[in-house]
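Working through the structure, step by step
If you want the building blocks of each chain, they are given just below.
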Amino acid sequence: MEPIKNSGAQTASAVFFDRVARLVLARHAPPDLRGATVLLPNNHAAQPLAQALSAAAKLPALLLPQMITLNDWAQSVPLDTPGITDSQRGALLYRQLRKQKWFDQADLWSMTQELLALFDELTLALAELPHDAEAFAVAVQQAYQARQNSTLQLEARLVFELWFAMQSGGELDVARTFQQRLARLAAQACRPLYVLRTSDFDALEQRFLDQYAANAEVTVCDLREMVKEKPGFVSQALSPALSRLRERESTGSPLPQAGEGLGVRGGLTSLRDQSSFLRTQNIPPLGGTLRFFAATSLEQEARAAAMQVRRWLQAGKCDIAIVAQDRMVARRVRALLERVQVMVQDETGWTFATLSVSTVLMRWLDALQSDFYHHDLLDLLKSPFIFADMPAAGRKAAVYQLEQLLRKQGVVAGLEKFVSLAGHEVVLHQPLARLRQAALLLEQGKRRTLADWLSALRASLGILGIDTGLQLDDAGAQLQNMLESWRQELAGDAGLYSFAEWRRWLAQQLDTQTYRDSSIDSRVRLTHLAATRWRAFDAVLLLGCDAGHLPSVPDGGRWFNDAVRSSLNLPTRSTHAARQRDDLMALLAMNDCVLATWQKERDGEETLLSPYLEMLRGLHALAYNDDLSDKDLLAYLAAEEAHKAGLPQAVQPAPSVAEAVPASVSISAYNSLVACPYQFYARHILRLNELDEVQEIIEKRDYGERVHDILRRFHERYPQVSGHPAGDMEAALRQISEQIFADLLEQDFAARAWLARWFKSLPAYLEWQGENETQGWRYAGSESAFDWELEGVRLRGRIDRLDVREEEKRVLDYKTQSDQALRNKLLEPGEDVQLACYAYAHEAADAAFVSIENGKVKLVEPKQDVPLLAQLNAERLVQMMESMRGGAGLPANGIGQACLYCEMRGVCRKGEWWRRGACNE
């Protein structure tokens, strides 16, 4: 091939396509080039090659050569032998593993998937390229005999024996089908073949090209060799260094340490010598081509990437590639771009297991398997796909009503319990009846074939209206087609599976299938490194370029360690890394606007840049005193952060109309208003209160409520304990306690611990009550509700207990907290309004908490004058409500203790304001 000349005006990629075009035209007279075939790494390379052919031929029209990928070319070859699908192979192998009971504790479906992938690799790695079943059998037998006479590790021999046994069938699996199609293509070869290459061929590709070359001419256009002939930093610095690195990897040598040379030319052994060579050769720097951004966190990397994409778009770039090494960062970048109306075309796609259309299926199966555990049921009912044949308003009303009902009644699980609970709630009858009908179709006690399970699933989805919802969604329609395809493929499989086995199979199947949204056409595309071969973009963003992601480690499972793979003559990790290295070099050679980002810190520890890029950056820094850091991007991010920090740190929400201010408040609402006005606003004006949780275990709050109920019943029966034997009083208190705790003891064994804790306090409580009576106080009532009319607002509540002493009144509030915690509540007058409001409502001169904790009972009283405190609290409430009606702001100014357990923290985002304020300081 003639050397490449520096074209000057040509783009980086155009030089290479022009080289290929001139090579084809030198051997095939235009305008008819149909006598040649060009093998492409991907279909994206066809258009620039066609443009290069047209430009080089200088003709108005050309009959182009066949330009095709190897997979597409193989698919064009018909085969007469029937094929076996992956789902059929998986079911067959699973049954064999289950029958042999070699791996009783293992996840057999995962093991099946891993083994099938390894079997395919063994098939494709055969020394010959068999063109029919007989030739394949001979090749397998030869491979088997060779392994029989060699020493293999136990797991390698096990894998090989299983693979050998699986090849006895007459059907063609995917690997054998591909193999035979390539063999037929090679046997029918009659036209010159031109191959665009960026990395080493795998064993199957190389055998195909060797057999094709026996019948027709094959010319390989290796981008790695073409790069070396193009003047520039990549060809004269990075490419030779990577070549030396390739040699070290092939011998098992470790990667070089920082500052160690790789031998760019002759005897040059250090990076400093290499950089000196670059300067003497007048090789231009990469400052305008490649830049690096070292982020301190995932969020900063994503924000930097999104910022750079927006800058490129503003600069008029029309084809931007985001090459993701770290999918978590890519997901965040995509979200940030979509937030500013920049859609991203995703070439990689997402597994169906991560999509909402699959989630509704798995939630349905979760609900069945858990006997309709309330969380699973609510998750299912909140999906937009279920009951899609009902009016949206009716569906939402039913879900809301059921959630309110089961949370209020505390039903944990059981569909029949939910049906009974619905009672007269007519809106719930139809949804619950449909759930019951659909559940009968998937009865878990039976063992069925996979096809039968899928048929039952399809029928249940129809009853629940999920099929209607899926059909309205592109991914959902594809999911339905997949389920039907699997059902048809497995119709002949007679194996029986339990519900749990089938469910695990289905989850794994969904995790192996990829969905790509073809509806988005954008100037920004998300792709992966292997998909960039022989592709040029206006700009490239390399995400996640740390040493842990580039090179990445192939996900091979338990059977794919290098020792096993090496003994079976299969590619190893070094092969995988070498391909990524070559793909990276090709990407840098074909594109002249690249930003590489990575996180230099993870969990407080330093993270290294990819060794391939670190090598390039180190050479460039020594040669040109420029480590290629993108300082402009860092400045843009700093400016954006400063702009955000300059915004008002807290926008104080205020009711828009006076009618929004509640006319009546409870004691707890008043406490919320004092603790944090924004908390009050969110809870009682916007009504964003959290829903009650369904009680599954006894909590401290439940314990406190039971203690209140016990003492109410006890004092209603025994208003005065004086004059009764202490033993009788304790026995009566124990009896009432056991009655109150009876239902909890049935549903939760832990309730015994709470009851024992209460029993520990009984003697102390009776002693305190006796002393209370000795001082002249008498029990006068409990759980007394009040609703007081103040000026412009009503104050409502319920006191635990009222005691009297002649004309005096004292309100008491039971607390299952320590006396010190209660004293802390009362340190600042007016911070806790409970006792003051109780005293105001009952015109009591005294008020106190009764601390019942750790076998001790103590009275905790405010130090201030209670009537005065009560009056001041009432006046403050009136003033605050009047201010609200006048449009006063309700800022999030609660102290740290108030914020600690506040459910509105995610709404007010006070922590974010504080963080920005600290940054400004």
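Residues numbered from 1 in each chain as written. Predicted model: local features only at pLDDT ≥ 70, side-chain atom pairs only at ≥ 80, totals over all residues. Heavy atoms only, no water.

A word on the state of the cysteines. Counting across every chain of the model gives zero disulfides. C676 supplies the cysteine sulfur nearest to C902, a cysteine that is in no disulfide, at a spacing of 6.3 Å. On the basis of relative accessible area, C902 is assigned to the buried category, the value being 13%. (Disulfide = S-S within 2.5 Å. Buried < 20%, exposed > 50% of the residue type's maximum accessible area, 1.4 Å probe, protein only.)

Any two packed helices are characterised by how steeply their axes cross, that is the angle between the axes, and by the distance between the axes. Running from amino to carboxyl end, helix α30 (residues 700–717) crosses helix α32 (residues 751–759) at an angle of 50°, the nearest separation of the two axes being 11 Å. Between α30 and α32, the crossing angle belongs to the class labelled oblique. In terms of crossing hand, the pair formed by α30 and α32 is right-handed. Judged by residue contacts, K700, Y703, V707, I710 and L711 of α30 engage W754, R757 and W758 from α32. The residue inventory of the contact of α30 with α32, partitioned by class, reads six nonpolar, no polar and two charged. (Axes fitted to C-alpha atoms, helices over the stretch in contact; angles between N-to-C directions. Helix = DSSP H or I, 4+ residues; strand = E, 2+ residues; numbered from the N terminus. Parallel < 35°, antiparallel > 145°, perpendicular 65-115°, else oblique. Left-handed = near helix turned anticlockwise from the far one by under 90°. Contact = heavy atoms within 4.5 Å. Nonpolar A, V, L, I, M, F, W, Y, C, P; charged D, E, K, R; others polar.)

Burial analysis of strand β11 (residues 539–543) places five of its five residues in the buried class, the great majority of the element. Residues A539, L541 and L543 point to one face of β11 and V540 and L542 to the other, with burial holding for every one of them. One ladder, built from five bridges, connects strand β6 (residues 320–324) with β11; its direction is parallel. What sits directly across from A324, in β11, is L543. Of the pairings in the sheet, the one linking β11 to strand β12 (residues 594–599) comprises three bridges and is parallel in character. The residue bridging L541 from the neighbouring strand is L595, located in β12. (Pairing = 2+ DSSP bridges.)

As a further point, take the pattern of salt bridges. Counted according to the given criterion, the structure contains 54 salt bridges. With a closest N to O distance of 3.5 Å, R581 and D582 form a salt bridge. Across the pair, D582 and R581 agree in class, each one buried. Through salt bridges with shared partners, a single network forms among R197, D200, D222, R224, R581 and D582. (Salt bridge = Lys/Arg side-chain N within 4 Å of Asp/Glu carboxyl O.)

A surface patch of nonpolar side chains, about 230 Å² in accessible area, is lined by L686, L688 and V907. Positionally, V907 belongs in helix α38 (residues 905–908). (Patch = residues over 30% accessible without salt bridge, like charges linked within 9 Å, V, L, I, M, F, W, Y side chains within 5 Å. Areas by Shrake-Rupley, 256 points an atom, 1.4 Å probe, with all protein chains shown as cover.)

Looking at where T177 falls in the secondary structure, it is placed in helix α8 (residues 174–187). With relative accessibility at 15%, the residue T177 sits in the buried group. Not counting chain neighbours up to four residues away, the residues in contact with T177 comprise L79 and L172.

The periodicity of an α-helix, 3.6 residues per turn, causes residues three or four positions apart to be oriented the same way. With 18 residues, helix α25 (residues 573–590) should reach 26 Å at 1.5 Å per residue; the first-to-last C-alpha distance of 26 Å fits that figure. Of all the 18 residues making up α25, 13 are buried; the element is thus mostly covered by neighbouring parts of the structure. (Expected span 1.5 Å × (residues − 1).)

Within the sequence span of helix α9 (residues 203–213), burial applies to L204, R207, F208, L209 and Y212. Elements in contact with the buried residues of α9: α3 (70–75), α5 (108–124), α8, β3 (193–197) and β4 (218–222). Measuring from the backbone nitrogen of L204 back to the side-chain oxygen at the start of α9 gives 3.2 Å, which picks out D202 as the cap. (Polar contact = N/O pair within 3.5 Å; in protein donor to acceptor, adjacent residues only side chain to side chain.)

What follows is about the environment of G723. Its location among the elements puts G723 in the loop between α30 and α31 (726–747). Here the alpha-carbon distance between G723 and G770, two residues 47 residues apart in the chain, equals 9.7 Å.

Moving on: the packing of aromatic side chains. Inspection of the entire model under this criterion finds 19 aromatic pairs. Where W364 meets F372, the ring centres are 6.2 Å apart and the plane angle is 55°; that geometry is what we call tilted. Taken together, the aromatic side chains of W73, F208 and Y212 make up a single cluster linked through ring pairs. Just above the ring of F201 sits the side chain of R197; from NZ or CZ to the centre is 4.4 Å. The aromatic ring of W777 is capped on one face by R810, whose charged end is 4.3 Å from the ring centroid. (Phe/Tyr/Trp six-rings, centres within 6.5 Å; stacked < 30°, edge-to-face > 60°. Lys NZ or Arg CZ within 6 Å of the ring centre and 35° of its normal.)

Take the sheet that holds β6 next. The sheet built from six strands is open, its strands ordered β5-β12-β11-β6-β10-β7 with parallel pairing. Because the sheet does not close on itself, it has two edges, and the strands there are β5 (290–295) and β7 (345–346). With two bridges connecting them, β7 and strand β10 (residues 524–527) associate as parallel partners. Its bridge partner being in β10, Q345 is matched across the sheet by R525. On the sheet, helix α13 (residues 298–314) packs against β5, β6, β10, β11 and β12 and is oriented at approximately 175° with respect to β11. In this fold α25 packs onto β5, β6, β11 and β12, with an angle of close to 150° to the strand it touches most, β11.

In the segment running from P30 into P31, the intervening peptide bond is cis, with an omega of 10°. Following L550, the chain continues to P551 via a peptide bond in cis, the omega torsion being 5°. Along the polypeptide, P551 turns up in the loop between β11 and α24 (562–567). In this structure, F387 takes a positive phi of about 55° despite not being glycine. Its place among the elements puts F387 in the loop between α16 (374–381) and α17 (392–409).

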